[in-house]
Every structure is written in C-alpha cells, then in structure tokens.
Amino acid sequence: MMQTTGHLTGQSDCRMSTTLSTPKVIDKIYEFRSYDVKPKRMADFVEFTVRNMHMRHKHSKCLGYWISQYGGLNQVHHIWPYDSYEHRMSVRNAISTDPVAGGKFVKTVLSMVDKQTNKILRLLPETQLTLPSENGGVYELCTYRMKTLPTIWLPKVVLSLKTAQEVMHKSGSSIVGTFVTEYGRNNELIFLLRYPDFDQRYRCYENMLHNPQWMSLGTRVLFFCIITVLIPN
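For every chain, the first residue of the written sequence is number 1, and numbering continues from 1 along that sequence. Only residues with pLDDT of at least 70 are given local features in this predicted model, and only at 80 or more are side-chain atom pairs given and counted; all residues enter the totals for whole chains, interfaces and linings. Here the side-chain values reflect all heavy atoms present in the structure, with hydrogen atoms and water set aside.

Engineer: Looking at this structure, how should I read helix α3 (residues 99-110)?
Structural biologist: One turn of the α-helix equals 3.6 residues, which is why residues spaced by three or four share an orientation. For each residue, the accessible area found with a 1.4 Å probe, counting protein chains only, is set against the maximum for its type, and the residue is called buried under 20%, exposed over 50%, and partly exposed in between. Every helix listed is a DSSP run of H or I at least four residues long, and every strand listed is a run of E at least two residues long, numbered separately from the N terminus. Regarding α3, the residues found buried are A101, G102, G103, F105 and V109. Taken together, the buried residues of α3 touch α1 (42-57), α2 (85-96) and β4 (113-123). Identification of polar contacts relies on pairs of N or O atoms within 3.5 Å, with a donor-acceptor requirement for protein atoms, meaning one able to donate a hydrogen and the other able to accept it, and with residues adjacent in sequence counted only if both atoms are side-chain atoms. Two or three places before V100, at the opening of α3, D98 has a side-chain oxygen 2.8 Å from that residue's backbone nitrogen. Residues count as neighbours in contact if any of their non-hydrogen atoms are within 4.5 Å of one another.

Engineer: Explain the side chain of E31 to me, please; I cannot follow it from the model alone.
Structural biologist: Among the structural elements, E31 can be located in strand β1 (residues 29-37). Look at E31 and you get buried, because its relative accessible area is 0%. A distance of 2.7 Å separates the side chain of E31 from the side chain of N118, its partner in a polar contact. Beyond its immediate chain neighbours, meaning those up to four positions away, E31 contacts H78, I79, W80, Y82, R88, N118, K119 and I120.

Engineer: Explain the nonpolar core here, please?
Structural biologist: The tendency in soluble globular proteins is for nonpolar side chains to be buried as a group. As used in this record, nonpolar core signifies buried Ala, Val, Leu, Ile, Met, Phe, Trp, Tyr and Cys residues forming a set joined through side-chain atoms within 4.5 Å. Core analysis: the biggest nonpolar cluster contains 22 residues, and V37, F45, V76, F105 and V109 have the highest contact counts within it. Where this core is concerned, the elements lending two or more residues are β1, α1, β2 (64-70), β3 (75-82), α2, α3 and β4. A per-element tally of this core places α1 first, with 5 residues. If we ignore the near neighbours within four places in the chain, the residues touching V109 are F45, F48 and T49.

Engineer: What is the right way to read the sheet that holds β2 from this model?
Structural biologist: Neighbouring strands of a sheet are bound in pairs by backbone hydrogen bonds; such pairs are parallel or else antiparallel. Strand order in the closed barrel formed by 8 strands is β1-β3-β2-β8-β5-β7-β6-β4, with antiparallel pairing between adjacent strands. On average, each strand axis in the sheet is tilted by 35 degrees relative to the strand beside it, whichever way the strands run. For β1 and β4, the ladder comprises 8 bridges, and the chain directions are antiparallel. For R33, the partnering residue across the bridge sits in β4 and is N118. Most of the contacts of α1 go to β3, to which it runs at about 15 degrees, and overall it touches β1, β2, β3 and β4. Two strands are said to pair when DSSP picks up at least two bridges between them. To obtain each axis, a line is fitted to C-alpha atoms, and for helices this fit is confined to the stretch in contact; angles are then taken between N-to-C directions over 0 to 180 degrees.

Engineer: Sorry, what's going on with α1 here?
Structural biologist: One less than the number of residues in a helix, times 1.5 Å, gives the span that helix is expected to have. Here α1 spans 21 Å end to end across 16 residues, near enough to the 22 Å set by a 1.5 Å rise per residue. All buried positions along α1 are accounted for by M42, F45, V46, F48, T49, V50, N52, M53, M55, R56 and H57. Looking at the buried residues of α1, the elements they touch are β1, β2, β3, α2, α3 and β4.

Engineer: Could you clarify how one ought to interpret the state of the cysteines in this entry?
Structural biologist: What is meant by a disulfide is a covalent connection between two cysteines, made through their sulfur atoms. What counts as a disulfide here is a pair of cysteine sulfur atoms lying within 2.5 Å. Enumeration according to the criterion identifies 0 disulfides in this entry. With no disulfide of its own, C225 lies closest to C142 among cysteine sulfurs, the gap being 5.2 Å.

Engineer: Mind showing me how you'd approach the packing of α1 against α3 here?
Structural biologist: Geometry of a packed helix pair, given as the angle between the helix axes and the separation of the axes. Running from amino to carboxyl end, α1 crosses α3 at an angle of 165 degrees, the nearest separation of the two axes being 10 Å. The orientation of α1 relative to α3 falls into the category roughly antiparallel. The handedness of the crossing between α1 and α3 is left-handed. The residues of α3 that touch α1, namely those facing F45, F48, T49, N52, M53, M55 and R56, are V100, A101, K104, F105, T108 and V109. Residues are sorted three ways: Asp, Glu, Lys and Arg are charged, Ala, Val, Leu, Ile, Met, Phe, Trp, Tyr, Cys and Pro are nonpolar, and all the rest, Gly among them, are polar. Across the contact of α1 with α3, the residue classes break down as 8 nonpolar, 3 polar and 2 charged. Orientation categories follow fixed angle ranges, with anything under 35 degrees roughly parallel, anything over 145 roughly antiparallel, 65 to 115 roughly perpendicular, and all other angles oblique. Whether a crossing is left-handed or right-handed is set by the direction in which the near helix is turned from the far one by less than a right angle, anticlockwise for left-handed and clockwise for right-handed.

Engineer: Is there a simple way to explain the pattern of salt bridges in this structure?
Structural biologist: Note on pairing: side chains with opposite charge can pair once their charged atoms come close. Any carboxyl oxygen of Asp or Glu that lies within 4 Å of a side-chain nitrogen of Lys or Arg is treated as forming a salt bridge with it. A complete count under the given rule lists 11 salt bridges for this structure. Here E31 ties to R33 by a salt bridge, and the two come within 2.7 Å at their closest N and O atoms. Each member of the pair E31 and R33 is classed as buried. Sharing partners across several salt bridges, the network here consists of E31, R33 and R88.

In structure tokens form, the structure reads like this:
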C-alpha cells in the first residue's frame, strides 16, 4: 500500500472518485474505518484488498482508501458513505450473509488486522464534499477535539471556514470535506485536506499559522488536534 497512484488497481476502484455525486441532503452519513494492520502482514493486506475490493463493492462503494504516512504506522483508513443508518444496516446485513464478501473477503482481512475502529461522521452544516479532479496528491486528516459545546463552536467554525478555503485555494490545495462526529469520540471536528505534495502541505500550514482569524478560532474553542498524513491508494 505504499503506492502513490491515488487509486486501487486491478478489478476494483476505491479512489476519491469524481464520478461520485456530491450529497444533496444532510442525512447522508460517512463511516470512517481505521485498521491497524499487523506489521508483517502489511504487504499481504495491500495486495489482497487491492485485488479483491470488488467483492465488498458489490454491496456499497468506498469513497476513499488511504495509508498513514505520518502520524501512524501500518494503518489503513476507509470512508464509506451511506444514505442513512438504515442503508448502512442493510448493507452490513447483506455482507454478513454473503459467502464471498462476508466470508472470504472479511475473514481474510480480519486475519491480518490487530485492531479496527470506526466513527460515524456527517458533513458540517453548510458544507459539501469537494472531490479532487485528479488522482494522487497528499491528504491530511486533522481531528480537532473541541473544548466547548457544539452550539458554541459550530457557528464559529462555519464563519471561519471561508478563510481556510481561501488559504488552501491559493496554494493549489483543497478542503475535501469538513465533518463532525456523530458516533465515536464526541465533540470532534474533522478536516480532510488534499495537497499537491508534501512540501505544499508545509507551506499551506505556515500560511494558516499567520492567519489571525483562523488562529483566533483555535485559541477559543480548540482543546487539542491530532494530525495524520495520508497517501491515497
């Protein structure tokens, strides 16, 4: 999974696909799944999932598939969109009774994993997904734990988001999605960002540090932040 082509190869395709439509309703949910892969099985995990993801795609499509480059080792992350909780449940039930997707695929994947976690996300109000027009690039997952209630920090974030988008755009980068957690660790704000390369990510970060509006937001409502740099696969 150390490829940087930005998409799965072979029979499946789990990239940040531009063919996926931007959701028109706030009810859509996104399941963010993280896998801690056994270090000695990482290559096997990559090879198997790349070759066989079509087994899982029979039931629903993956929005994105990344490998942690910095901020975590031997970790794989997926985002799976669903129209609703009922839709997710129907997909999971179908997988559990499918001898291929729930049998061969899931059982083989789990045999190579030490731990897996998930969280349910929704898009921040008044925002939408901005899917990349090309493959590759470098992604950054910024998970902010807020120190005030959402009723306080959500409006402030929405107001400050335009500033962040302008800084990102000037550097040729983009905010792919801005999410809030619904299940998982509560009171979190999550940015999924895309940069042309690692160096551009650093330059954009420097620009954000010198933006008084954005930094003021952080000092008022931010408790801590976890940053993970991801390579698309």
